[in-house]
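Geometric and topological summary
Spelled out from the first residue to the last, the chains are:
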Amino acid sequence: MSGIKICLDCGKQFTPESHESDVICEDCLVLLKRRFWSSIKIGEAHDSITDLT
């Protein structure tokens, strides 16, 4: 096998291009990062709203 992996998230075959992840494909990695940072922003907004009350 020539370095081809199967993404644990979506199941597509991919070739790891970076050392950042070799278990999920680049598309899933980007989505994961976007969801993480969005949840952080939502949490911060919720905290600032509850601080006002």
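Scroll up to find the structure this text is about.
Only a predicted model underlies this, so the values are computations on that prediction, with no experimental measurement involved. (Residues numbered from 1 in each chain as written. Predicted model: local features only at pLDDT ≥ 70, side-chain atom pairs only at ≥ 80, totals over all residues. Heavy atoms only, no water.)

Moving on: the pattern of salt bridges. Oppositely charged side chains may form a pair once their charged atoms are brought near each other. Applying the stated rule across the entire model yields 1 salt bridge. Between Asp 27 and Lys 12 there is a salt bridge whose closest N-O contact spans 3.4 Å. Of this pair, Asp 27 sits in helix 1 (residues 26-52) while Lys 12 is found in the loop between strand 1 (5-6) and strand 2 (13-14), placing the two residues 15 residues apart along the sequence. (Salt bridge = Lys/Arg side-chain N within 4 Å of Asp/Glu carboxyl O. Helix = DSSP H or I, 4+ residues; strand = E, 2+ residues; numbered from the N terminus.)

Under the definition given, this model contains 1 aromatic pair. With 4.9 Å between their ring centres and 75° between their planes, Phe 36 and Trp 37 make a pair best called edge-to-face. Taking relative accessible area as the criterion, Phe 36 reaches 43% and is therefore assigned partly exposed. (Phe/Tyr/Trp six-rings, centres within 6.5 Å; stacked < 30°, edge-to-face > 60°. Buried < 20%, exposed > 50% of the residue type's maximum accessible area, 1.4 Å probe, protein only.)

Before going further, it helps to spend a moment on the nonpolar core. Among soluble globular proteins, nonpolar side chains are generally buried collectively. Within the largest apolar cluster, 6 residues are counted, these being Cys 7, Phe 14, Ile 24, Cys 25, Cys 28 and Leu 29. Ignoring anything within four residues of it in the chain, the contact list for Leu 29 reads Glu 20, Ser 21 and Ile 24. (Core = buried A, V, L, I, M, F, W, Y, C linked by side-chain atoms within 4.5 Å. Contact = heavy atoms within 4.5 Å.)

With that settled, consider the environment of Pro 16. With respect to the helices and strands, Pro 16 occurs in the loop between strand 2 and helix 1. Under the relative-accessibility criterion, Pro 16 is labelled partly exposed at 27%. The spacing of Pro 16 and Gly 3 is 13 residues in sequence and 7.4 Å in space, taken between C-alpha atoms. Each residue touching Pro 16, except ones within four places of it in the same chain, is listed here: Gly 3, Lys 5, Ser 21 and Asp 22.

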